[in-house]
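# Coordinate inspection notes
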Amino acid sequence: MKRQQAILSLRSNKFRVIAHRGLSGLEDENTIPAYLLARESGFIERETDLQITADCYLVEMHDPKVDRTTNGHGWVKEMTFRQIRALQTKNGHQVPTPYESIEMLGTDFWHNFELKSPNTAASTAGMLKNFIGRGWSAENFEVSSFLHAELRDFHLYLPEVRIGALIAHAPLNTGFAQELDVHSINVLMDIIDADPGLVDEWHYGGFQVLVYAIDHYEDALRMKEYGVDGIFSNYS
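Residues numbered from 1 in each chain as written. Predicted model: local features only at pLDDT ≥ 70, side-chain atom pairs only at ≥ 80, totals over all residues. Heavy atoms only, no water.

### Quick look at the packing of helix H5 (residues 121-132) against helix H6 (residues 148-157)
Just so we agree on the cut-off: Fitted lines through C-alpha atoms give the axes, limited to the stretch in contact for helices. The angle between two N-to-C directions lies from 0 to 180 degrees. Only DSSP runs of H or I with at least four residues qualify as helices, and only runs of E with at least two residues qualify as strands; both kinds are numbered from the N terminus onward. With the far helix as reference, a near helix turned anticlockwise by less than a right angle produces a left-handed crossing, and one turned clockwise produces a right-handed crossing. Contact definition: two residues touch when any of their heavy atoms are within 4.5 Å.
Running from amino to carboxyl end, H5 crosses H6 at an angle of 35°, the nearest separation of the two axes being 8 Å. Regarding H5 and H6, the two cross each other, and that crossing is right-handed. Only Glu 150, Asp 153, Phe 154 and Tyr 157 of H6 make contact with H5, whose side of the interface consists of Ala 121, Ala 122, Thr 124, Ala 125 and Leu 128.

### Looking at unusual backbone geometry
You will see that Arg 21, though not glycine, has its phi angle at about 60°, which is positive. As for its placement among the helices and strands, Arg 21 is situated in the loop between strand E1 (16-20) and helix H2 (32-40). One non-glycine residue, Asn 119, adopts positive backbone phi at about 70°. With respect to the helices and strands, Asn 119 occurs in the loop between strand E4 (110-115) and H5.

### Examining the nonpolar core
Quick reminder of the rule: Each nonpolar core is a collection of buried residues, namely Ala, Val, Leu, Ile, Met, Phe, Trp, Tyr and Cys, held together in the definition by side-chain atoms within 4.5 Å. Three exposure classes are used, based on accessible area relative to the maximum for each residue type with a 1.4 Å probe and protein chains only: buried under 20%, partly exposed in between, and exposed over 50%.
Residues Leu 128, Phe 154, Ile 192, Val 211, Val 228 and Ile 231 are the most contacted members of the largest nonpolar core, which totals 54 residues. Among the elements that take part in this core, H5 stands out by supplying 5 residues, more than any other. Those residues in contact with Val 211 that lie beyond four places of it in its chain are Val 187, Leu 188, Met 189, Ile 192, Met 223, Val 228, Gly 230, Ile 231 and Phe 232. Formed by 9 residues, the second largest nonpolar core is a distinct cluster that contains Val 59, Met 61, Val 76 and Ile 84.

### Some details on the pattern of salt bridges
Cut-off, in case you're wondering: Salt bridge, as used here, is a side-chain nitrogen of Lys or Arg placed within 4 Å of a carboxyl oxygen of Asp or Glu.
In total, this model carries 12 salt bridges according to the counting rule given. Here Arg 16 ties to Glu 45 by a salt bridge, and the two come within 2.8 Å at their closest N and O atoms. Taken as a pair, Arg 16 in strand E1 and Glu 45 in strand E2 (residues 45-52) lie far apart in primary sequence, 29 residues in all. Of the two residues, Arg 16 and Glu 45, both sit in the buried class. Residues Arg 68 and Glu 29 are paired through a salt bridge, measuring 2.8 Å at the closest nitrogen-oxygen approach. Of the two residues, Arg 68 is situated in the loop between strand E3 (58-60) and helix H3 (81-85) and Glu 29 in the loop between E1 and H2; the sequence distance between them amounts to 39 residues.

Spelled out as structure tokens, the structure:
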């Protein structure tokens, strides 16, 4: 437990520690128990993934198929919400919707929703607009994706919610991020290790730099020393 406790201890006003898929190192990823465990461990921010079902329901799942994380088989996009709901994760949990997890965590929690599949932007914008209209702040939410076209569409639907561009390779410049008007560049740790100067470059461009996914104290400390704004971690 020393490793888990140490990572969260690095959090400060200038260094965010975000629960990656909930506290997914200790509980089934992207489930209500994983989010509750994160909150109980001291997290105030979480990241989760959104897929869309055949009947246009948003569900919190990383993979395009249900096979790895549940007792089912098949593509999320080809299954109905009722079919998804009948599945169980390894520890016997249901696949949640973002409506359920936002309600459960309340108005003082921060949420990063990663759009994992095409055609999720409009539904996500509509869902978040509903919560903003019910008392949540737009600052409670950020939407990220490797699918930059989805980010562009989402930003058109709901410009008051910040967006973050996920990348797994270093771009030559920040033009893509400026074009998308992103708030953050969310990047693989290896990219920062290979060129720590990117942090200052992206800060100069006006972007926060968030790094995924950090599971060891030494890595988290090194990222903090590089000056990144926060990390996503499976542990606390």
